[in-house]
Amino acid sequence: MTTPLLEESLNVNLRKLELLQLERRLDSILEEQDFSKKIFKEQLNILLEEEVVFRQERAIKMRLKLAKFPVLKTIDNFDFSFQPDMDKEGITSLFSLKFIEEKSNIILIGPSGVGKTHLAIALGVASCQGGYTCYFISFQTLLENLRKAEEQNRLRRKLLTYCKPHVLIIDELGYLPLNRNDANLFFQLVSARYENGPIILTSNKSYIDWGNLFPDEGIASAVLDRMLHYSKTIKIHGQSFRLAMKRKMGLFHHNVDQ
Ligand SMILES: Nc1ncnc2c1ncn2[C@@H]1O[C@H](COP(=O)(O)OP(=O)(O)OP(=O)(O)O)[C@@H](O)[C@H]1O
Ligand SMILES: [Mg+2]
């Protein structure tokens, strides 16, 4: 029988060490097990292993929450047979997450609905599961935030916050052409992360069209230079998954891709 004093001291120590799962499980384990026949270390190890798993899962949940993914997608629910021309091996190899340690950018290029955002999120989710931090932001929101920060004289700090996560996902470059100030802000962000941490970028524009997206060739090639120095480009040429699903459900009308 444990004394109330021992009980209290044990609880205080478990809490100080933040062994939350152990605290939760201790009594039931003690009831389940016959300690006179078991080695105490073995039992303690079981409890500590549970604690480690519990903490890892909690940390993953936290990283997934902080990443602000608009929706959760994984590589397991990506149908490669739908895009037979895709470099399946090249894409699955990215999930080893070596690109994070190598600080190598990933640029996903292709038309609407082909799975660029899906794959970017799947890589982000895998990063969170692998112990890395990630942040997802649309290109438009990123620019709005950078503009606002510049107006309020806190651009440097804002750029630093976008340098913190191991992986930064910037979704949808290319829907609108950039004016000089926006292009310059994006260039500053790319420079700040250059050789520090990877960016995963999705775009519906191929590199050749980046010249038209940026106000001049000079800034386009300065951005491209840094983005491509260490990078892997994934081009997706196939048809829109969204449209294919609509066709399948008999809901297809022209110009409907929402
Ligand atoms: N090969 C695929 N397997 C399973 N789901 C897919 C596949 N391709 C796309 N999808 C799904 O289709 C929808 C559209 O894909 P996604 O948003 O990734 O396209 P996108 O290339 O980013 O398009 P956009 O340029 O319009 O943003 C998503 O719900 C995504 O999960
Ligand atoms: Mg997208």
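Refer to the structure printed above.
Residues numbered from 1 in each chain as written. Chains lettered and ligands numbered in written order. Predicted model: local features only at pLDDT ≥ 70, side-chain atom pairs only at ≥ 80, totals over all residues.

Draft legend 1. Representation of the overall build of the protein in the model. Scanning the protein from terminus to terminus reveals 12 helices and five strands. The C-alpha radius of gyration of the protein comes to 24 Å, more than 25% above the 18 Å expected for a compact globule of 258 residues. Along the three orthogonal principal directions, the C-alpha set of the protein runs to about 80 × 50 × 30 Å. Here the protein, with 258 residues, has 27% of them falling under the buried criterion. Intrachain contacts of the protein at a sequence separation of at least 6 include 81% that bridge at least 24 residues. (Helix = DSSP H or I, 4+ residues; strand = E, 2+ residues; numbered from the N terminus. Rg over C-alpha atoms; globule rule 2.2 N^0.38 Å. Buried ≥ 20, exposed ≤ 12 C-beta atoms within 10 Å, placed from the backbone. Contact = placed C-beta atoms within 7 Å.)

Draft legend 2. Highlighting the pairing of strand 3 (residues 167–173). Counting buried residues along strand 3, seven of its seven residues qualify, which places the element largely inside the surrounding structure. As paired strands, strand 2 (residues 134–138) and strand 3 are joined by five bridges and run parallel to one another. Bridging across to strand 3, S138 finds its partner in D171. As paired strands, strand 3 and strand 4 (residues 199–203) are joined by four bridges and run parallel to one another. Counterpart to I170 in the pairing with strand 4 is L201. As for the winding sense of the linkage, the β-α-β connection from strand 3 through helix 9 (residues 180–193) to strand 4 is right-handed. (Pairing = 2+ DSSP bridges. Right-handed = clockwise from strand over helix to strand, strands pointing away.)

Draft legend 3. Looking closely at helix 6 (residues 116–129). With 14 residues, helix 6 extends 20 Å between its outermost C-alpha atoms, agreeing within 8% with the 20 Å of an ideal straight helix rising 1.5 Å per residue. When you tally the buried positions in helix 6, you get 12 out of 14 residues, the bulk of the element. Of the residues making up helix 6, those classed as buried are K116, T117, H118, L119, A120, I121, A122, L123, G124, V125, S127 and C128. Just past helix 6, the residue G131 takes up positive phi, approximately 100 degrees. (Expected span 1.5 Å × (residues − 1).)

Draft legend 4. Representation of the sheet that holds strand 4. Taking strand neighbours across the sheet as the criterion, the five strands line up as 2-3-4-1-5 in an open arrangement whose pairing is parallel. At either end of the open sheet lies a strand with only one pairing partner, and these are strand 2 and strand 5 (231–235). Each strand axis lies, on average, 15 degrees off the axis of its neighbour in the sheet, ignoring direction. In this sheet, strand 5 lies alongside strand 1 (residues 105–109) in parallel orientation, the contact comprising five bridges. Directly across from I107, in strand 5, lies its bridge partner T233. Set on the sheet, helix 6 makes contact with strand 1, strand 2, strand 3 and strand 4; between it and strand 3 the angle comes to about 170 degrees. (Axes fitted to C-alpha atoms, helices over the stretch in contact; angles between N-to-C directions.)

Draft legend 5. Molecular detail of the environment of I234. You can see I234 is positioned in strand 5. Judged by the 20 C-beta atoms lying within 10 Å of it, I234 is buried. Put simply, I234 and R25 are 209 residues apart on the chain and 47 Å apart in space, counted from C-alpha to C-alpha. Setting aside its immediate chain neighbours within four residues, I234 contacts D87, I91, I106 and L108.

Draft legend 6. Expanded view of the environment of S191. Along the chain, S191 falls in helix 9. Accessibility expressed as a C-beta count within 10 Å gives 14 for S191, which makes it partly exposed. Separated by 32 residues in the primary sequence, S191 and L159 place their C-alpha atoms 9.8 Å from one another.

Draft legend 7. Fine view of the nonpolar core. Grouped together as the largest cluster of nonpolar side chains are 47 residues, with contacts concentrated most on I106, L108, I169, I170 and I200. Discounting chain neighbours no more than four positions away, the residues touching I170 are I137, F139, L142, I199 and L201. (Core = buried A, V, L, I, M, F, W, Y, C linked by C-beta atoms within 7 Å.)

Draft legend 8. How the structure looks around the site of ligand 1. Taken together, 19 residues lie near ligand 1, and D79, G115, T117, H118 and F241 sit nearest. Contributing elements (two or more residues each) for the shell around ligand 1: helix 6 and helix 12 (241–248). Sort the elements by how many residues they give to the shell around ligand 1 and helix 6 lands first, with three residues. Residues belonging to the shell around ligand 1 are distributed by class as follows: four nonpolar, 10 polar and five charged. (Near = placed C-beta within 6 Å. Nonpolar A, V, L, I, M, F, W, Y, C, P; charged D, E, K, R; others polar.)

By themselves these figures say nothing about function.
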